[in-house]
There are 4 protein chains.
Amino acid sequence: MNTFGRELRITTFGESHGKAIGVVIDGVPAGLELTEEDIKRELERRMFCHIPVLNPRCEPEEVEILSGVKEGYTQGTPIAVVIWNRRVISSYYEELWMKPRPGHADFAYYLKYGRHYDHRGGGRASGRTTAAVVAAGAVAKKMLALAGAEVAGHIVELGGVEINASYTYEDVKKSWGRPLPVVDQQALDKMLEKIREAAMRGDSIGGGVEVWAVGVPPGLGEPHFGKIKADIAAAAFSIPGAIALDWGMGRALAKMWGSEANDPITVANGRPTLATNKIGGVLGGITVGTPIYFRAWFKPTPSVRKPQQTVDLAKMEPTTIEFKGRYDVSIVPKALVALEAITAVALADHLLRAGLIRRDKPLGR
Amino acid sequence: MNTFGRELRITTFGESHGKAIGVVIDGVPAGLELTEEDIKRELERRMFCHIPVLNPRCEPEEVEILSGVKEGYTQGTPIAVVIWNRRVISSYYEELWMKPRPGHADFAYYLKYGRHYDHRGGGRASGRTTAAVVAAGAVAKKMLALAGAEVAGHIVELGGVEINASYTYEDVKKSWGRPLPVVDQQALDKMLEKIREAAMRGDSIGGGVEVWAVGVPPGLGEPHFGKIKADIAAAAFSIPGAIALDWGMGRALAKMWGSEANDPITVANGRPTLATNKIGGVLGGITVGTPIYFRAWFKPTPSVRKPQQTVDLAKMEPTTIEFKGRYDVSIVPKALVALEAITAVALADHLLRAGLIRRDKPLGR
Amino acid sequence: MNTFGRELRITTFGESHGKAIGVVIDGVPAGLELTEEDIKRELERRMFCHIPVLNPRCEPEEVEILSGVKEGYTQGTPIAVVIWNRRVISSYYEELWMKPRPGHADFAYYLKYGRHYDHRGGGRASGRTTAAVVAAGAVAKKMLALAGAEVAGHIVELGGVEINASYTYEDVKKSWGRPLPVVDQQALDKMLEKIREAAMRGDSIGGGVEVWAVGVPPGLGEPHFGKIKADIAAAAFSIPGAIALDWGMGRALAKMWGSEANDPITVANGRPTLATNKIGGVLGGITVGTPIYFRAWFKPTPSVRKPQQTVDLAKMEPTTIEFKGRYDVSIVPKALVALEAITAVALADHLLRAGLIRRDKPLGR
Amino acid sequence: MNTFGRELRITTFGESHGKAIGVVIDGVPAGLELTEEDIKRELERRMFCHIPVLNPRCEPEEVEILSGVKEGYTQGTPIAVVIWNRRVISSYYEELWMKPRPGHADFAYYLKYGRHYDHRGGGRASGRTTAAVVAAGAVAKKMLALAGAEVAGHIVELGGVEINASYTYEDVKKSWGRPLPVVDQQALDKMLEKIREAAMRGDSIGGGVEVWAVGVPPGLGEPHFGKIKADIAAAAFSIPGAIALDWGMGRALAKMWGSEANDPITVANGRPTLATNKIGGVLGGITVGTPIYFRAWFKPTPSVRKPQQTVDLAKMEPTTIEFKGRYDVSIVPKALVALEAITAVALADHLLRAGLIRRDKPLGR
């Protein structure tokens, strides 16, 4: 099942070291401005080439839109986006063939797909596949803009270092001016130190991110099984390495008395709204108009240089493996951009489900 | 969207104080033994009548199977289960009309559905609706048994009290012999104390649960968007009050070095498997044969007796409200049973998707 | 798979001689006026009690709405409708057990579901199940009315007798004032004669119907796989006995030159439209604003009194069977009402898909 | 909605004169032999280059598999197939911009998508898009072969000329040795004559085809809304120009007495089966093991050289248009191959739904 969404449907394809990865984006109304540049811009946000150990495979993406766009506007037909794989170096992976990396999907893929799985670069299970999601997110973000909504996120934990500062959504957006999107400069310095340490150790680190969606209109979300929280949770756990999710203030709420945890309701500009927003913009699975925010955690990259215990599946006997290929010391920064993107897709899908964007005619007619 | 699942599809309906709640269970093969008693048994597990403040509305459920079952066996046709609502006392709710309870879905439902929403007892957003999910879970658990798999869970945190003990899956199952399914007797005592305190304060408490699925065959789960983790996460966040999820060792993994977090691979009984199971039975969204386990946290019940700030939507001015109705001091125990159920549904769905249960002919032919 | 539709989803359940049949209607916006009477009214249209051999099981339907409606308006939550089965006489069917009726789904159900299939009255495969579809149609027709659209049909062939008259959509609606909805009085007389003859012979007859949808806005329908023609064709062939479909002028178009078959385009009231409507309101799967019309044919009722060759599945040897139960001499009149209903569901689904009816707030806010 | 199928899902994309058309094929198990040649072979079957007026755009297709295949075997991951558009001549279409061709989807696309629609070559509505379906069919046919099933079809009517001969399934397959797949040599000669006449007149012709599926196991198909007939009907009407469908003996059955129409049931090789097969292999939407066969009719190609009445949408005034581009005198032969393909996809989907092909492990393990 490589399709996500009901009215806005994205179907991804591609292996890390295959010819290309890509996505077909279906359900976009006609008349939305879109160019390959729009997609490249989002893809660049996930590169972090200025911190080489985060992305040794740093390369400008070659993006090609094969369909669905005419003269800079969407046609209303499916948008096929191909991101060509270039400069792949598969030699590192020869040793890994039949020797799955601990912690990597390699092992599960072996069980399900056997020898037919293209393990090179992690194949279909590679973090690289999130580039296709980010491409779809570029389109979804433009759809959200039609409703006055936007999505942005930042890193809240890396290698055990947690941010410790109060911040606003504006701070979150500003943080992208830094080497890593972190609102707390002190924490950022420690995180960068952790990255260097991990690289030196030939090891990897995990962490956590927070994504905000602001300006989302109230009334989106479908109880019982199309709740905003449920759809975004499914989206988040589709990203490689996702291991935990906190909605709003998350488990901190679980430790409060109900009378503390509840957000009081008040009147603002003649409209009822929440006086606080501990719950993160959603009640009963339905948006109430206050900002959506949630946190997701990702485990460390499974590929590390240290010797690890695995099995030679050909001989079916224990062995050890030391990964010699290029690897990202942490997938957290890329995962953040992917999480922004898939969140935008999930919310744009709900804009369509609720009928806030019409599709019986082109935009603006 | 009140349907969950692709090959095993459950469609729920019903409001808390309406005539009935229920579920249509579609996709079950012909020839599965099933009676109303099987469903009642699961529904009883969520009653906890021996702790009245957890379920003031304690009543034996009146369950009626309207279709899909013949002489104690499923027909292969949709199974419609109705759970009649009896002894509902709606008078408490009159005051709440147009005065949404803080923290409750009432407010979101008002925004989306307006005056047409049946707010009595929380209407469609009531925890009561999880009874329909539990009924479906009773069927799903029987399907899992066909593949030698089973699901069981326990409470790991309540009112801020966390368990502090090592335990096995057997301990988890045994814990159901206690007043609450808690593997740590000391923690249980403190939890029961917290429940009493909350009741006295007219307040409510939240907590966390852990669900295990054991015996699930390897090779289930569909990258990129039908991952086991993603489907179960969506399921978990469809339960009222769900606020956080940790898969396997969850965010603890995010703080480890990759070399620590990775589960080594070894050979057992001539088969490759994980030497440890920090990851909770799933890699790359695909089951590997080791036990699945994850934790979910739930916020406190929004309904409390303490006065809370809300808005009179008719006059559109601030007011306060004190809930006088029956309420569960904590939804955590019921949420646990619902989470077991929806997890069973999600896994049984994947058994069908993967073709482990055939449906071109009845079971056992 | 007992669910139809994407945004308006109906999930049917029930066996002919079980406790009840019913449907869960999901996706309806809040604020639509709806009562049990509205549903009963549509169900009565399929009774034709004034021609007893068309419906020996003539009985007023006992309809109960279990959820989704409050004080005469939809809540926006799933609407569960139960139609109780009363006065069923199953004794006729004892002989049929293990002796499938030729032409009936009995035999296919035996292959797929084995002895677990409730064959009484045709069980799940009975034409009775279309009552659930008609109930859903009652709701869908009200949604169409919101967009100024309506659906109505008539009988164009019965027992080999075809209508031979020109008529308008108004004539189609007026024809419901007759014993059977037939626009051609002479043909109607012959049809009624055929019905009498079939009853005397203990045999059955088939026929054809035509359904119109008028006022459907342009721009509905989704190439490549959500075309209006495709969705309605799927709907039509879900009705028991459906055997053929002609869209617009159907196969007559296949015999014309392209220059004859094409509908010229013209300007009317400053808007472009078709000068003729041979194509039946849809081009490329998308509505163009002209009336939709199509014909569907149904085979004769398989149950007949004449001895027919079948197999004793217990002994696995040939035998003959004479059906002694109540049977409809023709299912065509009931099938027409079911086809109207499912067409309304398919079109209302597309109104939601295209965003012509919003669901982030109740109707009329 | 450009996705078809539930377990085998195909998602098509591309415009006739865009960069490429293509399809993502998702749900195929790992270990199926597949090469680009397999797909080209099926694409060649739809070329009919030996009858130039049927395909003036005759060109060898440039097929590229971007993902999902490794060393000649499927990986179990989505298979992205791109068919590059070459040698497109769009100049013919300049005049058509804002002057929709009568009978063509152009007009409907203008209403729904406005000026953003790429009308060149018919854009997304072009018959060319069926090449993507045929590519998917090449994979689906291989999946059917795993279950011992196969699909093949022939032309039964063209330009009003109908075949008049009795034939077997073997004859249907043999007919592909002729200029057009027609089992009746005399009818074929007349059809070829009609094609020449139509070309001379600058006009076009329609016709009908019949598709067979043989070896399909019993027990496939899901009442109430996943019936084999319904899914294939939806598939058939997704092909441009589809206008009518007859299942089995189709409307001829509607004219018979029930006692004539019913297929007697008998015993063969110790198994119950139908003595005749008027119904075309499906009862109650479920396969019974006898051959599936059905007929579909297609209207003439809308593009013709004769002047036709249309509207200048810029000036919103009547005008006439004479199409000067390359056009297929009849789309029927290509439509037949597309119908074979989409039928194979629908049936392979049901093999997966019913669990006849497992996907928790690679084929053959």
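Just so it is clear, the structure is predicted and the values come from calculations on it, not from any experiment.

**Regarding the packing of helix α6 (residues 228-236) of chain A against helix α9 (residues 332-353) of chain A**
All names here are of chain A. Contact pair α6 / α9: the axes reach a minimum separation of 9 Å and the direction vectors enclose 145 degrees. Considering how the two elements wind past one another, α6 and α9 form a crossing that is right-handed. Here Ile228, Asp231, Ile232, Ala235 and Ala236 of α6 come into contact with α9, specifically with Leu339, Ile342, Thr343, Ala346, Leu347, His350 and Arg353. Taken together, the residues of the contact of α6 with α9 sort by class into eight nonpolar, two polar and two charged.

**Digging into the relation of the copies chain B and chain A**
Laying chain B over chain A is done by rotating through 180 degrees and shifting 0.0 Å along the axis; what remains is an RMSD of 0.0 Å. Considering both components of the superposition, the chain copies are consistent with a two-fold axis. When you check the interface residues of chain B against chain A, 99% turn up at the interface there too, and the contact is symmetric in its surfaces.

**Things to note about the pattern of salt bridges**
For the structure on display, the rule yields 134 salt bridges over all chains. Of the charged contacts, one joins Lys19 of chain D and Glu36 of chain A as a salt bridge, the two residues approaching to 3.8 Å between their closest N and O atoms. In this pair, Lys19 of chain D is assigned in the loop between β2 (9-14) and β3 (20-26) and Glu36 of chain A in helix α1 (residues 36-45), connecting two distinct chains. The exposure class of Lys19 of chain D is partly exposed, given its relative accessible area of 38%. Judged by its relative accessible area of 26%, Glu36 of chain A is partly exposed. One salt bridge connects Lys306 of chain A with Asp203 of chain A, and the closest N-O pair in it is separated by 4.0 Å. With a gap of 103 residues between them, Lys306 of chain A in the loop between β16 (292-298) and β17 (308-312) and Asp203 of chain A in the loop between α5 (185-201) and β10 (207-214) connect regions that are remote in the sequence. Here Lys306 of chain A falls in the partly exposed class, since its relative accessible area comes to 29%. Salt bridges sharing common partners tie together Arg6, Glu222, Asp231, Asp349 and Arg353 of chain A together with Glu7 and Arg359 of chain C.

**Describing the side chain of Lys334 of chain D**
Residue and element names in this part refer to chain D. Within the secondary structure, Lys334 sits in helix α9 (residues 332-353). For Lys334, a relative accessible area of 14% gives the class buried. Within the structure, the side chain of Lys334 is placed 3.4 Å from the side chain of Asn55, a separation counted as a polar contact. Discounting residues that sit within four places of it in the chain, Lys334 has contacts with Arg46, Phe48, Leu54, Asn55 and Asp328.

**A short note on helix α6 (residues 228-236) of chain D**
With nine of its nine residues buried, α6 of chain D lies for the most part within the structure. Those residues of α6 of chain D lying buried are Ile228, Lys229, Ala230, Asp231, Ile232, Ala233, Ala234, Ala235 and Ala236 of chain D.

**Quick look at helix α5 (residues 185-201) of chain C**
All names here are of chain C. Taking 1.5 Å per residue as the helical rise, α5 with its 17 residues ought to reach 24 Å, and the 24 Å between its terminal C-alpha atoms agrees with that figure. Two or three places before Gln186, at the start of α5, stands the capping residue Asp184, its side-chain oxygen 3.0 Å from that residue's backbone nitrogen. Of the residues flanking the end of α5, it is Gly202, one or two places downstream, whose phi is positive at about 65 degrees.

**What to know about the relation of the copies chain B and chain D**
Expressed as a screw operation, the relation of chain B to chain D combines 0.0 Å of axial shift with a rotation of 180 degrees, fitting to an RMSD of 0.0 Å. Interface residue correspondence from chain B to chain D reaches 100%, placing this contact among same-surface, isologous pairings.

**Describing the UniProt feature "binding site: NADP(+)" in chain A**
All names here are of chain A. Those places that UniProt annotates as "binding site: NADP(+)" correspond, in this numbering, to Arg46. Relative to the helices and strands, Arg46 resides in the loop between α1 and β4 (62-65). When its relative accessible area of 3% is taken as the criterion, Arg46 is described as buried. Not counting the four nearest positions on each side in its chain, Arg46 is found in contact with Glu61, Gly127, Arg128, Thr130, Ala131, Val134, Lys334 and Val337.

**Points about the interface of chain B and chain D**
Counting from both sides, the interface comprises 15 residues of chain B and, opposite them, 15 residues of chain D. Where chain B abuts chain D, roughly 1,100 Å² becomes buried across the two surfaces, and 38% of that area is made up of carbon and sulfur atoms. Among the residues chain B hides against chain D, the three largest losses belong to Arg6, Glu7 and Asp360 of chain B. Together they make up 35% of the total. Between the two partners, chain B and chain D, sit two salt bridges. Note that Arg6 of chain B and Glu7 of chain D form a salt bridge whose closest N and O atoms lie 2.6 Å from each other. Summed over the shared surface of chain B and chain D, the number is six residue pairs in polar contact (both at pLDDT 80 or more). For the side of chain B that touches chain D, the residue count by class is five nonpolar, two polar and eight charged.

**Side note on the packing of helix α1 (residues 36-45) of chain D against helix α3 (residues 130-146) of chain D**
All names here are of chain D. Orientation of α1 relative to α3, taken along the N-to-C sense of each, is 125 degrees, at an axis distance of 9 Å. Considered as vectors, α1 and α3 are oriented oblique to each other. In terms of crossing hand, the pair formed by α1 and α3 is right-handed. Taking contact as the criterion, the partners of Asp38, Ile39, Glu42, Leu43 and Arg45 in α1 are, on α3, Ala131, Val134, Ala135, Ala138, Lys141 and Lys142. The residue inventory of the contact of α1 with α3, partitioned by class, reads six nonpolar, no polar and five charged.

**Concerning unusual backbone geometry**
Peptide bonds are, in most cases, trans, and in most cases residues other than glycine have a negative phi. Residue and element names in this part refer to chain B. A cis geometry characterises the amide bond from Pro223 onward to His224, with omega recorded as 10 degrees. Note on placement: His224 falls in the loop between β10 (207-214) and α6 (228-236). The phi angle at Met316 is positive, at roughly 50 degrees, despite the residue not being glycine. Within the secondary structure, Met316 sits in the loop between β17 (308-312) and β18 (317-321).

**Observations regarding the sheet that holds strand β3 (residues 20-26) of chain A**
All names here are of chain A. With antiparallel pairing, five strands are arranged side by side in an open sheet as β1-β2-β3-β7-β4. The sheet is open, and its two edges are formed by β1 (3-4) and β4, each paired on a single side. Where β3 meets strand β7 (residues 79-84), six bridges bridge the pair, whose relative direction is antiparallel. From the neighbouring strand, Ile21 faces β7, where its bridge partner is Ile83. The strands that α1 touches are β4 and β7; relative to β4, the one it contacts most, it runs at about 145 degrees.

**A word on the UniProt feature "binding site: FMN" in chain A**
In the numbering used here, UniProt assigns the feature "binding site: FMN" to Arg124, Ala125, Ser126, Gly284, Lys299, Pro300, Thr301, Pro302, Ser303 and Arg326 of chain A. For the residues just named, distributed over 203 residues, the greatest C-alpha separation reaches 44.2 Å, placing them at more than one site. Position of Arg124 of chain A among the secondary structure elements: in the loop between α2 (106-113) and α3 (130-146). Those residues in contact with Arg124 of chain A, other than ones at most four positions away along the chain, are Asn2, Thr12, Phe13, Gly14, Glu15, Tyr109, Tyr117, Asp118 and Thr129 of chain A, His224 of chain B together with Thr77 and Pro78 of chain D. Tracing the backbone shows Pro300 of chain A in the loop between β16 and β17. Judged by its relative accessible area of 1%, Pro300 of chain A falls in the buried class.

**Quick word on the packing of aromatic side chains**
Residue and element names in this part refer to chain C. Enumeration according to the criterion identifies 28 aromatic pairs over all chains in this entry. Considering the side-chain rings of Phe48 and Trp176, the 6.1 Å spacing of their centres and the 35 degrees angle between planes classify their relative orientation as tilted. Of this pair, Phe48 sits in the loop between α1 (36-45) and β4 (62-65) while Trp176 is found in the loop between α4 (169-174) and α5, placing the two residues 128 residues apart along the sequence. The class of Phe48 is buried, set by a relative accessible area of 6%.

**A look at the pairing of strand β18 (residues 317-321) of chain C**
All names here are of chain C. Sheet analysis places strand β17 (residues 308-312) next to β18, joined by five bridges and oriented antiparallel. When the sheet's bridge partners are listed, Gln309 is paired in β18 with Thr320. Hairpin connection, β17 to β18: the antiparallel pair is bridged by four residues, and Met316 has positive phi, about 50 degrees.

**What about the interface of chain B and chain A?**
Taken together, the 103 residues of chain B in the interface contact 102 residues of chain A. Taken together, both faces of the contact between chain B and chain A bury some 7,800 Å²; the carbon and sulfur share is 64%. Looking at the side of chain B facing chain A, the largest losses of area belong to Phe225, Trp257 and Ile265 of chain B, adding up to 11% of the total buried there. Where chain B packs against chain A, one counts six salt bridges. The shortest N-O distance in the salt bridge between Glu157 of chain B and Lys255 of chain A comes to 2.9 Å. Here chain B and chain A share 41 residue pairs in polar contact (both at pLDDT 80 or more) between them.

Conventions adopted
- Residues numbered from 1 in each chain as written.
- Chains lettered and ligands numbered in written order.
- Predicted model: local features only at pLDDT ≥ 70, side-chain atom pairs only at ≥ 80, totals over all residues.
- Heavy atoms only, no water.
- Axes fitted to C-alpha atoms, helices over the stretch in contact; angles between N-to-C directions.
- Helix = DSSP H or I, 4+ residues; strand = E, 2+ residues; numbered from the N terminus.
- Left-handed = near helix turned anticlockwise from the far one by under 90°.
- Contact = heavy atoms within 4.5 Å.
- Nonpolar A, V, L, I, M, F, W, Y, C, P; charged D, E, K, R; others polar.
- Least-squares fit on C-alpha atoms with pLDDT ≥ 70 in both.
- Salt bridge = Lys/Arg side-chain N within 4 Å of Asp/Glu carboxyl O.
- Buried < 20%, exposed > 50% of the residue type's maximum accessible area, 1.4 Å probe, protein only.
- Polar contact = N/O pair within 3.5 Å; in protein donor to acceptor, adjacent residues only side chain to side chain.
- Expected span 1.5 Å × (residues − 1).
- UniProt positions renumbered as here; feature names shortened; annotations may be inferred.
- Buried area = accessible area lost by both parts, 1.4 Å probe.
- Parallel < 35°, antiparallel > 145°, perpendicular 65-115°, else oblique.
- Pairing = 2+ DSSP bridges.
- Phe/Tyr/Trp six-rings, centres within 6.5 Å; stacked < 30°, edge-to-face > 60°.

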